[in-house]
Amino acid sequence: MGGANYSPEDLLERLVGFDTTSHKSNLDLIRFVEDYLAQHGISSTIVPDETGQKANLFATIGAQNKPGVCLSGHTDVVPVTGQTWTTDPFKLVRKGDRYYGRGTTDMKAFVACALASVPEYLASDLTMPIHVALSHDEEIGCIGVRSLIARMGQDVVLPAMTIVGEPTGMDVVDAHKGPARWNVELSGRAAHSSMAPLGVNAISYMSRVIGELLRQEDHLKTAYKDDRFDPPYPTLQVTKIEGGTATNIVPVHCALCFDIRSLPGFDVDTFEVDLRRFLNESCLPDMREIAPEAWVKLDRANYVPPFEAQPGSNVVALALKLTEKNETHAVSYATEAGLFQTGGAPSVVCGPGDIAQAHTADEWIAVDQIDKCMGFLRRLGQWASAG
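Throughout, a residue's number is its position along its own chain's written sequence, starting from 1. Since the coordinates come from a predicted model, pLDDT governs what is reported: local features require at least 70, and pairs of side-chain atoms require 80 or more to be given and counted, while whole-chain, interface and lining totals use all residues. Only hydrogens and water are set aside when side-chain values are computed; all heavy atoms of the structure are taken into account.

Participant: Explain the overall build of the protein chain to me, please; I cannot follow it from the model alone.
Facilitator: Strands are runs of DSSP state E lasting at least 2 residues, helices are runs of H or I lasting at least 4, and numbering of each runs from the N terminus. Across its full length, the protein chain carries 10 helices and 16 strands. Here the term buried applies to any residue with accessible area under 20% of the maximum for its type, exposed to any over 50%, and partly exposed to those in between, with areas from a 1.4 Å probe on protein chains only. Buried residues in the protein chain amount to 52% of all 387 residues. Contacts between residues were defined by any pair of non-hydrogen atoms, one from each residue, lying within 4.5 Å. The contacts of the protein chain with a sequence gap of at least 6 include a subset with a gap of at least 24, amounting to 80%. For every accessible area listed, the method is Shrake-Rupley and the probe measures 1.4 Å; residues are considered covered only by the protein chains on display. Accessible area of the protein chain: about 16600 Å², with a carbon and sulfur share of 50%. Of the side chains in the protein chain, 33 bear a positive and 49 a negative charge, and the two mean positions are spaced by 1 Å. When charges are tallied, Lys and Arg are placed among the positive residues and Asp and Glu among the negative ones, while His and the ends of the chain are skipped. Think of each charge as sitting on NZ of Lys, CZ of Arg, CG of Asp or CD of Glu.

As structure tokens, this is what we get:
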């Protein structure tokens, strides 16, 4: 069956034209890709979210129900609100050797290259199928892909390998950090500030929590270290705090958010148990001496596992072969690779573009990065046809 043959630049123009900012629907983009693949005789599995306004897509080129190699990309982009652009963020513009537009680097160029490779893959005699997996809501915690991964090995094939095309400059990344985020809430008792001993000041007790987090931050710097990363240790940051109602009222409530960017090997569950113990033993008893109704709460808001390829990983070896390089790298940003690997699909990260351009005003990708990615994917097709 013959379908449209688009260049990667043509497809990138179409993909950038869909405003898939994370708080918006990505369905128009998903429908476009579904239709494009259908024109080539390829059926897609659509995995919608609970709202029905967003969806993942999974499709197979070649033999169905065989593991194969998965090309993974997310469809959502970060907002342009508050940024000063010199071009329309949702219209692809070429200036010299650069393409400008939201998502060009992160990461619609990789998706465009993967889709542009479909006709060539179909014309090849693939002995190993190549899968395409597109997700939603990666930018807000790698949320969307989880429902797709949960179906792999059931009604969706579990890939033997996954290449996550986040921007690495076409270098091979075999390890990255993973963000874990928590919310802490304390509730005490309000009182007139002139009678402060009758109240329980939630902000004051939250200062104990901050002190403990600062102690944990110092501990993480020495307990976990890997010079491949920059910085070479897990980072812990208090990212948001709010509490109180007026200057003459003892604040009854205080809420705090914090973030850890963990290295592979960091035990997020043990950390959480220790912090919960601190809250229950070093804060709550003193609060309840005055206010028996006082309470503390700790919730994990999101967790993306850090990623580290297994020693001797076949997909890392394949990526090195396809990029014609001989060394791997570690990065501090997170991707969906850790989730795919945890789900049973050994992963690697390799894609076009510079992460320094991601999320910025006038986001751009160099033309030669698209060319290098197309060469990578062409060699992948040749490899998948040679077995």
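Alright, that's what it looks like, and here's the rest.
Participant: Would you take a moment to explain the packing of aromatic side chains for this structure?
Facilitator: To describe a pair of aromatic rings, you give the distance between the ring centres and the angle between the ring planes. When two rings of Phe, Tyr or Trp (its six-membered ring) have centres within 6.5 Å they constitute a pair, described as stacked for plane angles under 30 degrees, edge-to-face for angles over 60, and tilted for the intermediate range. Evaluation of the coordinates by the stated rule reveals 7 aromatic pairs. Note on Trp182 and Phe271: the rings are 5.2 Å apart at their centroids and 45° apart in plane angle, and the pair reads as tilted. With a gap of 89 residues between them, Trp182 in strand β9 (residues 178-187) and Phe271 in helix α7 (residues 268-290) connect regions that are remote in the sequence. Judged by its relative accessible area of 6%, Phe271 falls in the buried class. Ring geometry for Phe266 versus Phe271: centroids 6.0 Å apart, planes at 50°, classification tilted. Across the pair, exposure class does not vary: Phe266 and Phe271 are buried alike. Members of the aromatic cluster, connected to one another through ring pairs, are Trp182, Tyr224, Phe258, Phe266 and Phe271. Only lysine NZ and arginine CZ atoms are considered, and such an atom sits over a ring when it is within 6 Å of the ring centre and within 35 degrees of the ring normal. The ring of Trp364 has Arg98 lying over it, and the distance from NZ or CZ to the ring centre is 3.7 Å.

Participant: Is there a simple way to explain the sheet that holds strand β5 (residues 98-100) in this structure?
Facilitator: Within a sheet, each strand pairs with its neighbour through backbone hydrogen bonds, oriented either parallel or antiparallel. Here, strands pair whenever DSSP counts at least two bridges between them. Taken together, the 3 strands give an open sheet; going across it, the order is β4-β5-β16, and neighbouring strands pair in antiparallel fashion. Each of the sheet's edge strands pairs with one partner strand only, and the pair in question is β4 (93-95) and β16 (364-366). The average undirected angle you get between the axes of adjacent strands in this sheet is 25°. In the sheet, β5 pairs with β16 via 3 bridges, with the strands oriented antiparallel. Pairing of Arg98 across the sheet is with Ala366, part of β16. Interaxial angles span 0 to 180 degrees and are taken between N-to-C directions of axes, which are lines fitted to C-alpha atoms, for helices over the stretch in contact.

Participant: Help me understand the side chain of Asp174 in this model?
Facilitator: Within the secondary structure, Asp174 is located in strand β8 (residues 172-176). One polar contact links Asp174 to Arg228, side chain to side chain, over a distance of 2.7 Å. Beyond its immediate chain neighbours, meaning those up to four positions away, Asp174 contacts Arg228, Phe307, Glu308, Ala309, Val316, Thr328 and His329. Distance and chemistry together define a polar contact, namely a pair of N or O atoms within 3.5 Å, with one atom able to donate a hydrogen and the other to accept it when in protein, and with adjacent residues in sequence counting only for side-chain atoms on both sides.

Participant: Can you walk me through helix α6 (residues 202-223) in this structure?
Facilitator: Along an α-helix, a turn takes 3.6 residues, which lines up residues three or four apart on a common side. The terminal C-alpha atoms of α6 lie 31 Å apart, and with 22 residues this matches the ideal 32 Å at 1.5 Å per residue to within 8%. Those residues of α6 that fall on the buried side of the exposure criterion are Ala202, Tyr205, Met206, Val209, Gly211, Glu212, Leu213, Gln216, Glu217 and Leu220. Buried residues along α6 sit against β9, β10 (235-243), β11 (253-262) and α7. Near the N-terminus of α6, the side chain that reaches the backbone nitrogen of Ile203, with its oxygen 2.9 Å away, is that of Asn201. Here the expected length of a helix is defined as 1.5 Å per residue gap, with one fewer gap than residues.

Participant: I'm lost on the packing of helix α1 (residues 8-16) against helix α3 (residues 104-116) in this one. Help?
Facilitator: Each packed pair of helices is defined by two parameters, the angle between the axes and the distance between the axes. One can describe the packing of α1 onto α3 by two numbers: an axis separation of 8 Å at closest approach and a directional angle of 130°. Compared by their axis directions, α1 and α3 come out oblique. The hand of the α1/α3 crossing is right-handed. Mapping the contact onto sequence places Pro8, Leu11, Leu12, Leu15 and Val16 in α1 and Thr104, Lys108, Ala109, Val111, Ala112, Cys113, Leu115 and Ala116 in α3. Orientation categories follow fixed angle ranges, with anything under 35 degrees roughly parallel, anything over 145 roughly antiparallel, 65 to 115 roughly perpendicular, and all other angles oblique. The sense of a crossing depends on the near helix, which, turned anticlockwise from the far helix by less than a right angle, makes the crossing left-handed and, turned clockwise, makes it right-handed.

Participant: Sorry, what's going on with the sheet that holds β9 here?
Facilitator: Read from one edge of the open sheet, 4 strands run β10-β11-β9-β12, paired in antiparallel fashion. Of all strands in the sheet, those bounded by a partner on one side alone are β10 and β12 (295-303). Sheet twist, expressed as the mean angle between neighbouring strand axes with direction ignored, is 15°. Lying over the sheet, α6 contacts β9, β10 and β11, oriented at roughly 10° with respect to β11.

Participant: What exactly am I supposed to notice about the side chain of His131 here?
Facilitator: Counting through the fold element by element, His131 comes out in strand β6 (residues 130-135). For His131, a relative accessible area of 0% gives the class buried. In terms of polar contacts, His131 uses its side chain to reach the backbone carbonyl oxygen of Lys66, at 3.2 Å. Look past the residues within four positions of His131 in its chain and what remains in contact with it is Phe58, Ala59, Thr60, Lys66, Pro67, Gly68, Val69, Cys70, Leu71, Val157 and Pro159.

Participant: For this particular structure, what's the right way to read the pairing of strand β2 (residues 55-61)?
Facilitator: Residues in a regular strand point their side chains to alternate faces of the sheet. Within β2, 7 of the 7 residues are buried, leaving the element largely enclosed by the surrounding structure. Of the two faces of β2, the one holding Ala55, Leu57, Ala59 and Ile61 and the one holding Asn56, Phe58 and Thr60 are both buried throughout. Where strand β1 (residues 44-48) lies against β2, 5 bridges are found, and the strand directions are antiparallel. Directly across from Pro48, in β2, lies its bridge partner Ala55. Here 5 bridges tie β2 to β6, and the two strands are oriented antiparallel to one another. Residue pairing in the sheet places Thr60 in a bridge with His131 of β6.

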